[in-house]
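Geometric and topological summary
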Amino acid sequence: MYTALNSPATSVPRSPTPEEQPHGKNTKASVAFARFVRETFEDAYGHPAVVSATARAEPQPGVVTVEFTSVQRDFARDTKRRVSNYAVLQVRDDSVTTLAAGSPTDASGAQQTHRSATDPSLLAVLRSAGPGERFVEVWSNGALVKSVNVSAKHGDFYADSTFGSLAWSSDNTHLLYAAEKPEYDKAKSESVTDDDDAEACEDGSIADDIVGGVAGLADPRRYKLDSDWGETFNGKRPPVLVVLNVRNSKVQVLDTPPAVSPGQAHFLPAHSGATQRIVFTGYKHSTRKHGIIYCQNRPTGLYTCDLGGANIKCLYSGSVRSPRLTPSGRALVFLSTAVGGPHASTSELVYYDLATDTSSVLVPLISQPLDCSQELGGTRLPGGFPGIYLDQLPEHPWLNADDSPQPEILVFTSTWRSTNVVMALDIQRRVLSLNTPVDGSASYSALCAASGYVVAKMSTPAMPDSLMLGQVLLGEHHKDKDSDLGITWHHILKPAVDTNISWQVVQADSAEKRRSTECILVYPTLPDHGTRYFWPQGSSPDSRPLVVLPHGGPHATYTLDHNALVAGLTKLGFGVLLVNFTGSLGFGHSAVLAQIGKMDTMSIDEIQDAANGVHRSRLGDPKATVYLGGSYSGYTGALLAGLVPGFYRAIVLRNPVISIGDNAAMSDIPDCQMWQASPSRLVDRVQDPLLLLLGASDRRVPPPQSMSYYYRLKAANAPAECKIYPSVGHPLDTVEAERDSFASILRFYAAALKK
């Protein structure tokens, strides 16, 4: 018996039988445990997460205004709310003082906002006001000066990082954004005017060139199959670009090339009366669109067109994304990833000269992390650099203002082994600098840059997002010998730190494995009242229960960023082992490729090696080790359930891949043929309690194959349970799904560990 749950004062009570619990009444102890789990969930998940920020220098010397948006869960309404706020800061040599702080404002109706670079008093807002009601708003100095109802012009706005767009023209006369293409007419009662403009046809010939809804019929194009872009885009029509003339409120939906979905659009500068042009990323597709979220390997191109959508030109083809215009307006900088291959991998940073129509690579692919600072492809790179790993560049990534005589310096976030870091690239000098620590102390993500400042968020396993202001030092004003640039960081807003959460970065035993794998062990420092159910006071570290938690993907990474699920498990007494196996991002391109073809063997071995290493270090109880995984790590968990029965006391799988053939037929990524073996073949060997948590609307790993697995487990009398959440997708990220899955996991572990 697991001794940590053997104390009468702290043990989780077994569920009474129906005879012991008549009329469905609950015991006080069971209700107290459930309530404590729910309170722990709200404590861990209740912190705001900063998602975006902008900064601008004010006329007064050293005064900076930072506007930022956070997302916070509203547990009473079971929803996630967007909240906007601001702070006015006085920056001196070694300190930052808050001159004014705003009050949080609910921004849930605002799908996207964008402030003009040439006139900061102007703010554009894309607002959804209710079902089918959409408006574009223009605000000036805090007052609404124009609101245009665009509901009849197009469908919902696109505000995601893949397709979302919102930009001002350089003269502030036009706004550019992305939205669903207009819906074709549905059937309606025939009007006597339907034939007014129709050509007479008296010879009985048949023509089928109808456009629009006429003759009491729907537009023939209304129900023609035009698939969406998969997970997170369920039921959304493909995007189009829209231009709004701010002066006369005219709305124009632009034509785009066939078989191309546009997004990430910006205005190009119009010099000397030249025609205003637009640049955008075009996501190419055939008849079927493959899922785009988390997939950076899809074929794309960089396109330009004029203000009316004509004169389309493809500048660059490949798998490119995130174009950003340099402050001088002479070039574009963007990310490029190999077409095909892993869905996520190492990216190049590319420079495209608009005057000469030529491109060059600023930062190349890195096969192995660099042993020391060195120059590759003409750019000086820092020692240890593993390559660039990120989805999108910041929307405002430049340290200097437009037309500034200073060097053009690009700021971005990248994954560096088991942490996220802020990096800066001096475009002219071709020097890349690392500007946050990689010592296992914290993780940083750049949100924006402007006028010599960087706004970032910093967090740790014990501390949620802290808003940071980075003061940039150039030349001789900082100490880094390998770079001309340094950043001094100051807290703008700092949340409370949980002093009973500790962590350490765990290295593999062999030098070869240390190059491509790494783990983070998060654990309660001491047993206390909060850990009483699973790790009672007076217990030793070697009796602490351990959750083994590899990441999904498989090409993703666990970093030192705050994780609400991990924090919640830790608060309740578990150590949590976050496993970055070979194929995780941030360890060099060779490590990404090394996993291909070995995903049913290499990852399994490395996960088990990591768990056994914690056991050998006496930092977790081998008799109280459980598993938690989702998506790809749900797949590895299902394999482990059949391959190493008895090792894990309980196994929880969130939207796991179970049957490769079935998943390929139903998934939004049918190109994902990653391994030969399916966990379904091992169903007869499963002995340990297994819980499946499924999203009914999951497009990435559709639930029928997991449900079939569950039925087979039950037929084999395996101790299996299954929950499915309606209208929930792959991440299980609605508030209700998060809350119920968290409680279900804890109840399941409690029942398994007390046996």
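What counts and what doesn't
Residues numbered from 1 in each chain as written. Predicted model: local features only at pLDDT ≥ 70, side-chain atom pairs only at ≥ 80, totals over all residues. Heavy atoms only, no water. Buried < 20%, exposed > 50% of the residue type's maximum accessible area, 1.4 Å probe, protein only. Helix = DSSP H or I, 4+ residues; strand = E, 2+ residues; numbered from the N terminus. Pairing = 2+ DSSP bridges. Salt bridge = Lys/Arg side-chain N within 4 Å of Asp/Glu carboxyl O. Phe/Tyr/Trp six-rings, centres within 6.5 Å; stacked < 30°, edge-to-face > 60°. Expected span 1.5 Å × (residues − 1). Core = buried A, V, L, I, M, F, W, Y, C linked by side-chain atoms within 4.5 Å. pLDDT = per-residue confidence, 0-100. Contact = heavy atoms within 4.5 Å. Axes fitted to C-alpha atoms, helices over the stretch in contact; angles between N-to-C directions.

1. Quick notes on the pairing of strand β28 (residues 453-460)
Among the eight residues of β28, eight are classified as buried, and the element is accordingly described as predominantly covered. Inspection of the sheet shows strand β27 (residues 443-450) paired to β28 by seven bridges, in the antiparallel sense. Residue pairing in the sheet places Ala-446 in a bridge with Ala-456 of β28. Here β27 folds back onto β28 in antiparallel fashion, the turn holding two residues, of which Ser-451 has a positive phi close to 50°. Hairpin geometry of β28 and strand β29 (residues 463-474) is characterised by an intervening segment of two residues between the two adjacent antiparallel strands.

2. Re the pairing of strand β17 (residues 313-318)
Every other side chain in a regular strand lies on the same face of the sheet, so the side chains alternate between the two faces. Direction of pairing for strand β16 (residues 300-306) relative to β17: antiparallel, over a ladder of five bridges. What sits directly across from Leu-302, in β17, is Tyr-316. The antiparallel hairpin formed by β16 and β17 contains six residues in its connecting segment, where Gly-309 sits at a positive phi of about 90°.

3. Describing the pattern of salt bridges
Within this structure, the stated rule accounts for 29 salt bridges. For Arg-38, the salt bridge goes to Glu-42, with nearest N and O atoms at 3.5 Å. You can see Arg-38 and its partner Glu-42 sitting in helix α1 (residues 28-45), four residues apart, about one turn around the helix. Taking relative accessible area as the criterion, Arg-38 reaches 35% and is therefore assigned partly exposed.

4. Things to note about the packing of aromatic side chains
Evaluated as defined, the whole model comprises 25 aromatic pairs. When the ring of Tyr-158 is compared with that of Phe-233, the centres are 6.0 Å apart and the planes differ by 35°; the resulting orientation is tilted. Of this pair, Tyr-158 sits in the loop between β9 (143-149) and β10 (166-168) while Phe-233 sits in the loop between β11 (174-180) and β12 (239-245), and the two are 75 residues apart along the sequence. By relative accessible area, Tyr-158 is classed as buried at 0%.

5. A look at helix α6 (residues 632-643)
Over its 12 residues, α6 runs 16 Å from end to end, which matches the ideal 16 Å to within 8%, given 1.5 Å per residue. The buried count for α6 comes to 11 of 12 residues, which makes it a mostly enclosed element. Every buried residue belonging to α6 is among Tyr-632, Ser-633, Gly-634, Tyr-635, Thr-636, Gly-637, Ala-638, Leu-639, Leu-640, Ala-641 and Gly-642, and all of these are buried.

6. Considerations on the nonpolar core
Ranked by internal contacts, the top residues of the largest apolar core, which has 47 residues, are Phe-534, Val-547, Phe-574, Leu-628, Leu-746 and Tyr-749. Contributions of two or more residues to this core are made by α1, β32 (518-524), β33 (546-550), α3 (564-571), β34 (575-580), β35 (625-630), β37 (690-695) and α9 (735-753). Among the elements that line this core, the one with the most residues is α9, at 11 residues. In this structure, Leu-521, Val-548, Ile-607 and Leu-694 belong to the second largest nonpolar core, which totals 38 residues.

7. With respect to the confidence of the model for the chain
Averaged over every residue, the pLDDT of the chain is 89; residues scoring 70 or more account for 90%. Here residues 1-20 scores under 50 on pLDDT; set against residues more than four positions off or in separate chains, the count is 38 contacts.

8. Digging into α1
Under the 1.5 Å per step criterion, the end-to-end length of α1 is 26 Å for 18 residues, consistent within 8% with the ideal 26 Å. In this fold, the buried residues of α1 make contact with β2 (63-74), α3 and α9.

9. Details of the sheet that holds β32
Strand order across the open sheet formed by eight strands is β31-β32-β34-β33-β35-β36-β37-β38, with mixed pairing between neighbours. Each of the sheet's edge strands pairs with one partner strand only, and the pair in question is β31 (501-506) and β38 (720-725). Ignoring strand direction, the axes of neighbouring strands in this sheet form an average angle of 15°. Both β32 and β34 contribute to a ladder of five bridges, which runs antiparallel. Note that in β34 the partner of Ile-520 across the bridge is Leu-578.

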